2 protein chains.
Amino acid sequence: MTEIEITDVTAACATSLVGEPLSEAAAAELAHTMKALADPARLRLLSIVAASGGGEACVCDLTGPVGLSQPTVSHHLKVLTEAGFLSRTKRGTWAYYALVPGALDRVSRALGAA
Amino acid sequence: MTEIEITDVTAACATSLVGEPLSEAAAAELAHTMKALADPARLRLLSIVAASGGGEACVCDLTGPVGLSQPTVSHHLKVLTEAGFLSRTKRGTWAYYALVPGALDRVSRALGAA
């Protein structure tokens, strides 16, 4: 597991990859955001949260489907939350995660899609 | 520099992150594709090629702007080519790289953008 520092997806995706050459700073920010998505477990977690009824999922619902320990799942969820893809709400014993509206679309636009 | 194995972007992006939960295999393929983009030098190289007059750039034009040695630039270009983002044409002494039409859009769609 690699620890990475991630800036918020909103800042990272303000510029587009296709148009004019990316500055060094913009490329570094966008690369950090892409790193959050460059992991199979994190992609699966995002897709499970996105497909969850009510739009949110509890850590307790996520460990089973991905077949990883709760600490590992919590680490991946933290990376996704810090990158701005997930929001986290604590209710009682559990934390619930939901997709941040528009976050994936912003990455999508940064890749230069029309 | 980390060596990564990358499958072609076309296969990796056949499914969408938002819709139904990604299978383990689909998540692994998409993560490999994202890894090719999760590097600031590779993002800058892609953006410079995209912005080049005539739609293609020579390795000899790319080392200066990114401030890296030619072997390092060639490595990054190889990763991007193997991932399906760039095409490579040899003419005389130099290799010329061009953006593969639709490759970034396919990743963009895999992220679930409308």
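Residues numbered from 1 in each chain as written. Chains lettered and ligands numbered in written order. Predicted model: local features only at pLDDT ≥ 70, side-chain atom pairs only at ≥ 80, totals over all residues. Heavy atoms only, no water.

Comments concerning the relation of the copies chain B and chain A
We count it as follows: Overlaid copies result from least-squares superposition on C-alpha atoms, with residues included only where pLDDT is at least 70 in both. Whether two residues touch is decided by their heavy atoms; if any such pair falls within 4.5 Å, the residues are in contact.
Taken as rigid bodies, chain B and chain A are interconverted by a rotation of 180 degrees and an axial shift of 0.0 Å, the fit giving an RMSD of 0.0 Å. Considering both components of the superposition, the chain copies are consistent with a two-fold axis. Within chain B, Ser108(B) has its C-alpha nearest the rotation axis, a separation of 2.2 Å. Comparing contact sets, 100% of the residues at the interface of chain B also lie at the interface in chain A, consistent with an isologous, same-surface contact.

What about the interface of chain B and chain A?
Applied cut-off: By convention, the term buried area covers the 1.4 Å-probe accessible surface removed from two parts as they join, with the contributions of both added. Note on definitions: salt bridges are taken to be side-chain nitrogens of Lys or Arg within 4 Å of carboxyl oxygens of Asp or Glu. In the analysis that follows, any N or O atom pair within 3.5 Å is treated as a polar contact, provided that within protein one partner can donate a hydrogen and the other can accept it, and provided that, for residues neighboring in sequence, both atoms belong to side chains. Only DSSP runs of H or I reaching four residues or more are called helices, and only runs of E reaching two or more are called strands; each is numbered from the N terminus. Polar here means any residue outside two lists: the nonpolar Ala, Val, Leu, Ile, Met, Phe, Trp, Tyr, Cys and Pro, and the charged Asp, Glu, Lys and Arg; Gly therefore counts as polar.
If you look at the interface, chain B gives 34 residues, while chain A gives 34 residues. Taking both partners together, chain B and chain A bury about 2,500 Å²; carbon and sulfur atoms supply 74% of that area. The tally of links from chain B across to chain A stands at two salt bridges. Arg44(A) is paired through a salt bridge with Glu24(B); the nearest N and O atoms lie 4.0 Å apart. There are five residue pairs in polar contact (both at pLDDT 80 or more) connecting chain B and chain A. Within the residue set of the side of chain B that touches chain A, elements represented by two or more residues are helix H2 (24–37), helix H3 (40–51) and helix H6 (103–110) of chain B. Class assignment of the residues belonging to the side of chain B that touches chain A gives a composition of 23 nonpolar, five polar and six charged.

Quick word on the pairing of strand S2 (residues 86–91) of chain A
Looking along a regular strand, one sees side chains alternate from face to face of the sheet. All names here are of chain A. Using the following cut-off: By definition, two strands form a pair when at least two bridges between them are found by DSSP.
Note that S2 and strand S3 (residues 94–99) share six bridges and pair antiparallel. Opposite Lys90, over in S3, you have Ala95 as the bridge partner. Here S2 hands over to S3 after two residues, with Gly92 in that stretch at a positive phi of 65 degrees.

Considering the packing of aromatic side chains
Two measures describe an aromatic ring pair: the distance that separates the ring centres and the angle between the ring planes. Stated precisely, the cut-off is as follows: Aromatic rings from Phe, Tyr and Trp, with only the six-membered ring used for Trp, were paired whenever their centres fell within 6.5 Å, and each pair was classed as stacked if the ring planes differed by under 30 degrees, edge-to-face if by over 60, and tilted otherwise. A ring is considered to have a charge above it if a Lys NZ or an Arg CZ atom is located within 6 Å of its centre and within 35 degrees of its normal.
Applying the stated criterion to the full structure yields zero aromatic pairs over all chains. Sitting over the ring of Tyr96(A), Arg91(A) keeps its end group 4.3 Å from the ring centre.

A closer look at the sheet that holds S2(A)
All names here are of chain A. Formally: Axis lines are fitted to C-alpha atoms, over the contacting stretch for helices. Their N-to-C directions set the angle, which ranges from 0 to 180 degrees.
Strand order in the open sheet formed by three strands is S1-S3-S2, with antiparallel pairing between adjacent strands. The sheet is open, and its two edges are formed by strand S1 (56–58) and S2, each paired on a single side. Averaged over all neighbouring strand pairs, the angle between strand axes comes to 30 degrees, with direction disregarded. Against the sheet, helix H3 (residues 40–51) contacts S1, S2 and S3, and its axis sits at roughly 85 degrees relative to S3.

Focus on the state of the cysteines
Residues and elements named next belong to chain A. What counts, and what does not: By definition, disulfides here are pairs of cysteine sulfur atoms that lie within 2.5 Å.
A complete count under the given rule lists two disulfides over all chains for this structure. Each sulfur of the disulfide joining Cys58 and Cys60 lies 2.2 Å from the other. Across the S-S bond linking Cys58 and Cys60, the dihedral sits near 130 degrees, which makes this disulfide right-handed.

So, helix H4 (residues 59–66) of chain B
All names here are of chain B. Convention followed: Each residue's exposure class comes from its accessible area (1.4 Å probe, protein chains only) as a fraction of the maximum for that residue type: buried when under 20%, exposed when over 50%, partly exposed otherwise. Summarising the geometry, the arc corresponds to the directions from the helix axis toward the C-beta atoms.
Along H4, the residues that are buried comprise Val59, Leu62, Thr63 and Val66. Buried residues of H4 fall within an arc of 105 degrees about the axis and therefore sit on the same side. The inward-facing, buried residues of H4 contact H3, strand S1 (56–58), helix H5 (70–82) and strand S3 (94–99). In the stretch just after H4, Gly67 is the one whose phi turns positive, near 65 degrees.

Looking at the sheet that holds S1(B)
All names here are of chain B. The strand order across the open sheet built from three strands is S1-S3-S2, with neighbouring strands paired in antiparallel fashion. Two strands in the sheet have a free side with no partner beyond their single neighbour: S1 and strand S2 (86–91). Across the sheet, the axes of successive neighbouring strands diverge by a mean angle of 30 degrees, strand direction being ignored. Docked against the sheet, H4 engages S1 and S3, running at close to 80 degrees with respect to S1.

Quick word on the packing of helix H2 (residues 24–37) of chain A against helix H6 (residues 103–110) of chain A
Residue and element names in this part refer to chain A. Put simply, the test is: For classification, angles of less than 35 degrees are called roughly parallel, those exceeding 145 degrees roughly antiparallel, those between 65 and 115 degrees roughly perpendicular, and all remaining angles oblique. Take the far helix as your reference; a near helix turned counterclockwise from it by less than a right angle gives a left-handed crossing, and one turned clockwise gives a right-handed crossing.
For the pair H2 and H6, the least separation of the axes is 12 Å and the interaxial angle reads 125 degrees. With respect to H6, the axis of H2 lies oblique. You can see that H2 and H6 cross each other, and the crossing is left-handed. Contact residues: H2 offers Leu30, Thr33, Met34 and Leu37, while H6 offers Leu104, Val107 and Ala110. A breakdown of the residues in the contact of H2 with H6 according to their chemical character gives six nonpolar, one polar and no charged.

By themselves, these are just geometric observations and shouldn't be taken as functional.
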